[in-house]
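Summary of structural features
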There are 2 protein chains.
Amino acid sequence: MTIILQNAMSETANRDRAGELPVARLTGTDAALREYATPVRVRRRQRLALDQPTPDTVYIVRSGLLGIEAAIAGKPRQLLELFYPGDIIRRANMPPLPHATLTALNVSEVWRLPARGFEALLTANADQNASMQRRLGEQHARASLHASIIGALSGDERFASLLIELGLRIGLRGAAGIGIDNPLSRTDIADYLALNPDTLSRITSRFRARGLLIHLGSGQILLPNWEELCAASPIAATLQALHTPTLG
Amino acid sequence: MTIILQNAMSETANRDRAGELPVARLTGTDAALREYATPVRVRRRQRLALDQPTPDTVYIVRSGLLGIEAAIAGKPRQLLELFYPGDIIRRANMPPLPHATLTALNVSEVWRLPARGFEALLTANADQNASMQRRLGEQHARASLHASIIGALSGDERFASLLIELGLRIGLRGAAGIGIDNPLSRTDIADYLALNPDTLSRITSRFRARGLLIHLGSGQILLPNWEELCAASPIAATLQALHTPTLG
DNA sequence: CGTTTCGTTGATAGTACTCAAGTGGTGTGG
DNA sequence: CCACACCACTTGAGTACTATCAACGAAACG
């Protein structure tokens, strides 16, 4: 099965994807951005400084997968938000919760900008400004949807929604289904979906029994039945809209 | 008690507040904004068009209190986000969920701008751009915190957090405690906190028994013990940071 | 003054959490 | 090569919390 995945043609091969090599092609606006930015490569589980709100560094994801962690006093750790290539990360957009850290969930490359440079870039270039605005709006929509998922969906539905999101973002279409490489750890998923790790384990067992999920080992999973997986989440259409790259 | 509230001096009287008269004083940036904007007055429960994502109208709250509602298929209605004076509302920042509507939760005034006018405003004025960016960032932080609240806190803690938020935003400090005028309906609160209305009723009963909440009738409530209320929420400090107006 | 709507409360059921024991894979040392 | 420890994960039993359903009470409205 793994071989099938590796050789499979992906329908989404023309866009950035977590876990792949950093994109080399630069658009015009990317080149302008590059002048202000410092490229930073991070390994898996590496943390990026996010504690001090005053300097307010801006990160722009080039490749890989990152996440914001935080913990409310006396409560288990939470994974607040996931960041994909193109996303903009800054402390001021996150709630001032204790132990808020930006962590690379996979090997990633980000561009680091001082807040002043970011602001200067936006005011200098109207197109750049509009595209950043649009991207921040998408991220806001995703954050709001995440609250909706946690508040309204059952555990099974939450997990199905995450699998759909990951499939759309970093999935590779193969003959046996959609393969996902290097996903989040079980603890990460539990923290993201506001579930207990034990409960999540029960859910994954149910999904395997239903034929929705196959564990391939070493962090590789396979989604053999995309149709039925989408049927298991009441927001499959919304996820499709938010996690498919806009062509414009 | 009502009289006490009406005559009470408020420590926060110098800022916009829901339920009061629209602010009349315009700063320089406000005046620039005003050229592009159409003022719209809405009564309680009035809905504003938000369905079509293409024209993407931008609303800026001048006074009052509004909220975004949505419903996932087969699930109860949700109140995704609350908007206070100064907030920026646009469809593109919200997830594409069915039945998404913008509703005035109190008598309010908003400024309506076409998306093009909003963009033009931002590119024309760097200060305006920076301040809008900052505001959108705050709103993002609040949306993210809301997910955190729903995901990690118990029903009692969620309700305490909402009372603190409302107290900070629209509360009037009186001799008997902090009074709040015209709050959300019971259903609104339940939909916002991702709780069942019946469960919420039990929680309010507990809060009254604990001396944290007094119902005054006709939508007026009183928080007699702010200290203890803050102790009932693990994120009181975070709420304070996000819902106190920045002096800059 | 009836009707309607909203809010409260009790009994019951469902779901997820907690704690604990068990399983499987991996790496290390004998 | 095997024994062992270690870790992540799984699974079972009991518990806590919230949802559901139904009945009741109170306030608003015509």
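Residues numbered from 1 in each chain as written. Chains lettered and ligands numbered in written order. Predicted model: local features only at pLDDT ≥ 70, side-chain atom pairs only at ≥ 80, totals over all residues. Heavy atoms only, no water.

1. Overview of the sheet that holds strand E6 (residues 88–90) of chain B
All names here are of chain B. Read from one edge to the other, the open sheet built from four strands follows the order E1-E8-E3-E6, with strand pairing classed as antiparallel. The outermost strands of the open sheet, each flanked by one partner alone, are strand E1 (38–42) and E6. Strand-to-strand twist in this sheet, taken as the mean axis angle between neighbours without regard to direction, amounts to 30°. Sheet analysis places strand E3 (residues 58–63) next to strand E8 (residues 108–113), joined by five bridges and oriented antiparallel. The residue bridging Tyr59 from the neighbouring strand is Arg112, located in E8. (Pairing = 2+ DSSP bridges. Helix = DSSP H or I, 4+ residues; strand = E, 2+ residues; numbered from the N terminus. Axes fitted to C-alpha atoms, helices over the stretch in contact; angles between N-to-C directions.)

2. Side note on the sheet that holds strand E2 (residues 47–48) of chain A
Residue and element names in this part refer to chain A. If you trace the four strands from one edge of the open sheet to the other, you get E2-E7-E4-E5, paired in antiparallel fashion. Both outer strands of the open sheet, E2 and strand E5 (78–83), are each paired with one neighbouring strand and no more. Summarising the sheet, strand E4 (residues 66–70) and E5 pair through five bridges and their orientation is antiparallel. The residue of E5 that forms the bridge with Ala70 is Gln78.

3. So, the interface of chain A and chain B
Opposite the 44 residues of chain A that make contact, chain B presents 44 residues. For the pair chain A and chain B, the two sides together bury roughly 3400 Å², of which 60% comes from carbon and sulfur. For the pair chain A and chain B, the number of links is two salt bridges. Between Glu157 of chain B and Lys75 of chain A there is a salt bridge; the shortest N-O distance is 2.9 Å. For the interface between chain A and chain B, the tally reads ten residue pairs in polar contact (both at pLDDT 80 or more). Only E5, helix H3 (115–124), helix H4 (126–152) and helix H9 (236–243) of chain A provide two or more residues apiece to the side of chain A that touches chain B. Among the elements that line the side of chain A that touches chain B, the one with the most residues is H4 of chain A, at 19 residues. Taken together, the residues of the side of chain A that touches chain B break down into 25 nonpolar, 14 polar and five charged. (Contact = heavy atoms within 4.5 Å. Buried area = accessible area lost by both parts, 1.4 Å probe. Salt bridge = Lys/Arg side-chain N within 4 Å of Asp/Glu carboxyl O. Polar contact = N/O pair within 3.5 Å; in protein donor to acceptor, adjacent residues only side chain to side chain. Nonpolar A, V, L, I, M, F, W, Y, C, P; charged D, E, K, R; others polar.)

4. Description of the protein's contact with DNA strand C
Around DNA strand C, the surrounding shell holds 16 residues, and the nearest of these are Gly155, Asp198 and Thr199 of chain A together with Arg186 and Ser205 of chain B. Here DNA strand C approaches the protein such that, of its atoms within 4 Å, sugar and phosphate make up 54%. Here Asn196 of chain A contributes a side-chain N or O atom positioned 2.8 Å from a phosphate oxygen of DNA strand C. One nitrogen or oxygen atom from the side chain of Thr199 of chain A is found 2.6 Å from a phosphate oxygen belonging to DNA strand C. (Near = heavy atom within 4 Å.)

5. Concerning unusual backbone geometry
Residue and element names in this part refer to chain B. A positive phi angle is found at Arg45, which is not glycine, with a value near 75°. By secondary structure assignment, the location of Arg45 is in the loop between E1 and strand E2 (47–48). A relative accessible area of 36% places Arg45 in the partly exposed class. One non-glycine residue, Ala194, lies in positive phi territory at about 55°. On the secondary structure map, Ala194 appears in the loop between helix H6 (186–193) and helix H7 (197–209). (Buried < 20%, exposed > 50% of the residue type's maximum accessible area, 1.4 Å probe, protein only.)

6. Description of the domain arrangement of chain A
All names here are of chain A. Its domain assignment divides chain A into domain 1 (3–19 + 151–242) and domain 2 (28–125). Taken together, the 16 residues of domain 1 in the interface contact 15 residues of domain 2. For the domain 1 face of the interface with domain 2, the top three residues by lost area are Asp188, Asp191 and Tyr192, together amounting to 35%. Across the contact surface, domain 1 and domain 2 share three salt bridges. (Domains from an automatic or database assignment.)

7. What about the environment of Glu157 of chain B?
Considering the arrangement of structural elements, one finds Glu157 of chain B in helix H5 (residues 155–170). The exposure class of Glu157 of chain B is buried, given its relative accessible area of 16%. In this structure the C-alpha to C-alpha distance between Glu157 of chain B and Cys230 of chain B, which are 73 residues apart in sequence, comes to 9.7 Å. Glu157 of chain B has contacts with Lys75 of chain A together with Ala232, Ser233 and Pro234 of chain B, leaving out every residue within four places of it along the chain.

8. Points about the environment of Ala126 of chain A
Residues and elements named next belong to chain A. With respect to the helices and strands, Ala126 occurs in helix H4. What makes Ala126 partly exposed here is its relative accessible area of 42%. Placed 112 residues apart in sequence, Ala126 and Thr238 show a C-alpha to C-alpha distance of 29 Å.

9. Digging into the protein's contact with DNA strand D
If you check the shell around DNA strand D, you find 15 residues, and the closest are Ser201 and Ser205 of chain A together with Gly155, Asp198 and Thr199 of chain B. Among the atoms of DNA strand D close to the protein, meaning within 4 Å, 52% are from sugar or phosphate groups. Separating a base oxygen of DNA strand D from a side-chain N or O atom of Arg202 of chain A is a distance of 2.8 Å. Take Arg208 of chain A: an N or O atom from its side chain is 2.9 Å from a phosphate oxygen of DNA strand D. Broken down by element, the residue count for the surface near DNA strand D peaks at six residues, all from helix H7 (residues 197–209) of chain A. The residue makeup of the surface near DNA strand D, split by class, is two nonpolar, seven polar and six charged.

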